[in-house]
Amino acid sequence: MLADLRSDTVTTPTPEMRDAMAGAAVGDDVYGEDPTVNALQAEVARQTGFEAGLFMPSGTMTNQVAIALHTRRGEEVICAEGSHIYEWELGMMATFSGVVPRFVPAPLGVPAPEDVRLAIRRSVHQSPSGMISLENTHNKAGGTVIPLDVLAGIREVATQEGLPLHLDGARVYNAAAALGVPVAEITRHFDTVSVCLSKGLGAPVGSVLVGSQAAMARAHRYRKMMGGGMRQAGVLAAAALIALRDGPAQLAADHRRARVLAGALVDAGFAVNLEAVQTNIVYATLPGAAERVAGWAERGVLANALGHDSVRFVLHHQIGDEALDRAIAVLTA
Ligand SMILES: *Cc1c(COP(=O)(O)O)cnc(C)c1O
């Protein structure tokens, strides 16, 4: 295979990660006794500016635990249209927490603070608003970044209205790299943040939910209910600590390569909205997407067909310049 561009989840653990996994100090994490998990949780909390963190197997779980924490049955989750918490999490907000989404418009993945305010429901005839959730970067919109002044505006709405604000930060380190700010400049606006270690940062497994000490104590129960109590999970946390240490500095190169790929696709006649190419994701519109993707796969380049006329390419640290050049040759042949 030349290049797997289906997702940034496809990276495999580096030799250094495998060594760290083999030598990891472990304990029973359901009792809070795994020293490597505790170190990972503390480090994500420190970098994002929160009191505490909780390690879980997936970003779906960290998001859904956050929804359970912040809502009561029958309430609405205000979120940007296309949000992963609804589109790709299999109705879990309804089945686990008994809540429903209310979408707000989000051109390029960015909801306007005023539209968030207008989505809030208080009437006795309607489902009350329970929380606000943002996604940064926004996957379905193309890996797009929410500007800091918009975050501050939505934070103000949340505070004025007394609603908790959650961030699906599966790729929040990509957003920080694109803005050129420490990740805490983004996360400080939120009550809870879900951070994926297994996307662009390159860990094999895992996400961390961060928030207050009290919120994470409650989150521990929801994690257990979902089957996310993982015992000697230090073997996974050991790899995630390396991803957290080395991953963020590599993201700018992924973003540069995404722009190179997008430019080459445009030159070859693909329709790409270059305004949306802000981080490591490139969407192209082309008729017969599924057949095109199948043809490329035979020639060693994997991409994701989404819908009948859309293809997604995702850059990650295991696609270097040379692999990208060879992939571009196949895609534009
Ligand atoms: C990948 C992703 C998640 C979490 O997905 P898992 O596969 O459950 O780890 C959450 N939100 C966004 C925006 C994502 O891209």
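Rules used in this analysis
Residues numbered from 1 in each chain as written. Predicted model: local features only at pLDDT ≥ 70, side-chain atom pairs only at ≥ 80, totals over all residues. Heavy atoms only, no water. UniProt positions renumbered as here; feature names shortened; annotations may be inferred. Pairing = 2+ DSSP bridges. Helix = DSSP H or I, 4+ residues; strand = E, 2+ residues; numbered from the N terminus. Axes fitted to C-alpha atoms, helices over the stretch in contact; angles between N-to-C directions. Parallel < 35°, antiparallel > 145°, perpendicular 65-115°, else oblique. Left-handed = near helix turned anticlockwise from the far one by under 90°. Contact = heavy atoms within 4.5 Å. Nonpolar A, V, L, I, M, F, W, Y, C, P; charged D, E, K, R; others polar. Phe/Tyr/Trp six-rings, centres within 6.5 Å; stacked < 30°, edge-to-face > 60°. Buried < 20%, exposed > 50% of the residue type's maximum accessible area, 1.4 Å probe, protein only.

Within an unreviewed UniProt entry, the label attached to the protein reads Threonine aldolase, and the organism entered is Deinococcus gobiensis. We quote the UniProt Sequence similarities (unreviewed entry) comment for the protein here in full: "Belongs to the threonine aldolase family."

(A) Examining the sheet that holds strand 4 (residues 100–104) more closely. A sheet is described by the order of its strands in space; here seven strands give the open sequence 2-8-7-6-5-3-4, paired in mixed fashion. Edge positions in the sheet fall to strand 2 (52–56) and strand 4, since each has one partner strand and no second. Direction aside, the axes of adjacent strands within the sheet are offset by 25° on average. In the sheet, strand 6 (residues 165–169) pairs with strand 7 (residues 192–196) via four bridges, with the strands oriented parallel. Within strand 7, the residue paired with L167 across the bridge is V193.

(B) Highlighting the packing of helix 1 (residues 15–22) against helix 11 (residues 234–267). Orientation of helix 1 relative to helix 11, taken along the N-to-C sense of each, is 140°, at an axis distance of 7 Å. Here helix 11 runs oblique to helix 1, going by the angle between their axes. Considering how the two elements wind past one another, helix 1 and helix 11 form a crossing that is right-handed. Only V235, L236, A238, A239, I242, A243, R245 and D246 of helix 11 make contact with helix 1, whose side of the interface consists of E16, M17, A20 and M21. Residues belonging to the contact of helix 1 with helix 11 are distributed by class as follows: nine nonpolar, no polar and three charged.

(C) Examining the packing of aromatic side chains more closely. By the definition in use, this model includes four aromatic pairs. Aromatic pair Y86 and F103: ring centres 5.4 Å apart, planes at 70°, arrangement edge-to-face. Of this pair, Y86 sits in helix 4 (residues 84–87) while F103 is found in strand 4, placing the two residues 17 residues apart along the sequence. The partly exposed category is assigned to Y86, whose relative accessible area is 37%. Between the aromatic rings of F96 and Y222, the centroid separation amounts to 6.2 Å while the plane-to-plane angle is 75°, which identifies the pairing as edge-to-face. Of this pair, F96 sits in helix 5 (residues 92–97) while Y222 sits in helix 10 (residues 213–225); the two residues are 126 residues apart in sequence, bridging distant segments of the chain. You can call F96 partly exposed: its relative accessible area is 23%.

(D) Focus on the pairing of strand 9 (residues 281–285). Extensive coverage of strand 9 is indicated by the burial of four of its five residues. Inspection of the sheet shows strand 9 paired to strand 12 (residues 310–314) by five bridges, in the antiparallel sense. Bridging from a neighbouring strand, A284 pairs with V311 of strand 12.

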